[in-house]
Amino acid sequence: MKKFFALVASVAVSFSMLGATVSAQGSPEGKPVEVKVQEIVETDTVKKLAAEDAVKVQAKASEVVAAVASSKEVKATFAADITAPGKVTLDKDYSGMTADLFHLKKDGEWEVKKDVKIEGNQVMVDFDSFSPVLIVISEPKVETPKKEEAKKDQAPAEKKDTKTYDTKGEPAPAAPAVSEGKPDSPQTNDAAPFVSIMSTVAMLSAAGYVFVSKK
C-alpha cells in the first residue's frame, strides 16, 4: 500500500513541476521570476523527465532566468531526458534567437553550452553524455534611450541668416524705418537753422518799426 501511494505522489510531482509556473528569488530587482518549463515532444531519443529530475530542472530554470534578467529576455524554456545527440524539435520557429543548454550530469553538476544557434524550430543538443537537459531560449534586451539622452543626441537646429548682402558679399546697411501712412517730419536738429534765421528777421523788422515810428 505504501508503494502505491509513493508511486502516485511521484507521478503527481512530475506533472505539477513540468509545465507549471513557479516563483524564484534572485532577480536584480529582488522580485520573483516566473518560469514555465515546457515538455518537448517525445521521440526515440527524447523522453519525459523523471519526477526527481523534473524538480531539479525546474529549480535550475528559475535560477537561470533570474540571472540573465538584466541582459536577456527569455522567450521560452524546455526540458527533456535526451539520450543521444541530435536536433531537438521545439514548439515553434525561434529563428534569430539563441539557446543556452544545461545538462544535468550524474554527479549533480550542470554542464553548460551558451548561445547555441537555433534553426527555425530546431536546436542541436550535443553533449558528451546524456540525461536531463534544460533549454533556455532568449534574445538580447533592447533598451530604449532616456528622454534626456535622446535630446543630447539631437543636433541643435541651424539658425537662418536673415541679413542681406551687397554684390561684394558685405552686409548691406539697414534701411531707415518709414512710418506707414505718415509723411516724414523734420528732425529738431534739421529745423534749427531755419528757426534762427526767422528769429533774426523778426528782430530786425521790430527795430525798423520802432525807428520809423520815432520819426
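Structural data are supplied above this passage.
Parameters at a glance
Residues numbered from 1 in each chain as written. Predicted model: local features only at pLDDT ≥ 70, side-chain atom pairs only at ≥ 80, totals over all residues. Heavy atoms only, no water. Helix = DSSP H or I, 4+ residues; strand = E, 2+ residues; numbered from the N terminus. Buried < 20%, exposed > 50% of the residue type's maximum accessible area, 1.4 Å probe, protein only. Pairing = 2+ DSSP bridges. Phe/Tyr/Trp six-rings, centres within 6.5 Å; stacked < 30°, edge-to-face > 60°. Lys NZ or Arg CZ within 6 Å of the ring centre and 35° of its normal.

(A) A look at the overall build of the protein. Along the protein, the regular secondary structure elements total four helices and nine strands. The N-to-C order of helical and strand elements in the protein reads α-β-β-β-α-β-β-β-β-β-β-α-α. Counting every position in the protein, which comprises 215 residues, the buried fraction comes to 25%.

(B) Seen up close, the pairing of strand β7 (residues 110-119). In the sheet, strand β6 (residues 98-104) pairs with β7 via six bridges, with the strands oriented antiparallel. Across the sheet, the residue bridging to H103 is E111, located in β7. Hairpin remark: β6 followed by β7, antiparallel, with five residues in the connecting loop; positive phi at G108, about 90°. Bridge count between β7 and strand β8 (residues 122-125): two bridges; the pairing is antiparallel. Bridge assignment links I118 to a residue of β8, and that residue is V123. Taking the residues that link successive antiparallel strands as the turn, the β7-β8 hairpin has two residues, and the phi of G120 there is positive, at about 65°.

(C) Region of interest: unusual backbone geometry. In this structure, D115 takes a positive phi of about 55° despite not being glycine. Within the secondary structure, D115 is located in strand β7.

(D) Expanded view of the packing of aromatic side chains. The tally for this structure, following the rule as stated, stands at two aromatic pairs. Between F78 and Y94, the aromatic rings sit 6.3 Å apart at their centres with planes inclined by 80°, giving edge-to-face as the arrangement. Residue F78 is found in strand β4 (residues 72-82), and its partner Y94 is found in the loop between β5 (86-89) and β6; the two are separated by 16 residues along the sequence. In terms of burial, F78 and Y94 fall into one category: buried. Centroid distance F127 to F130: 6.4 Å. Interplanar angle 70°. Geometry classified as edge-to-face. For the cation-ring pair, K113 lies above F127, with the distance from its terminal atom to the ring centre recorded as 5.1 Å.

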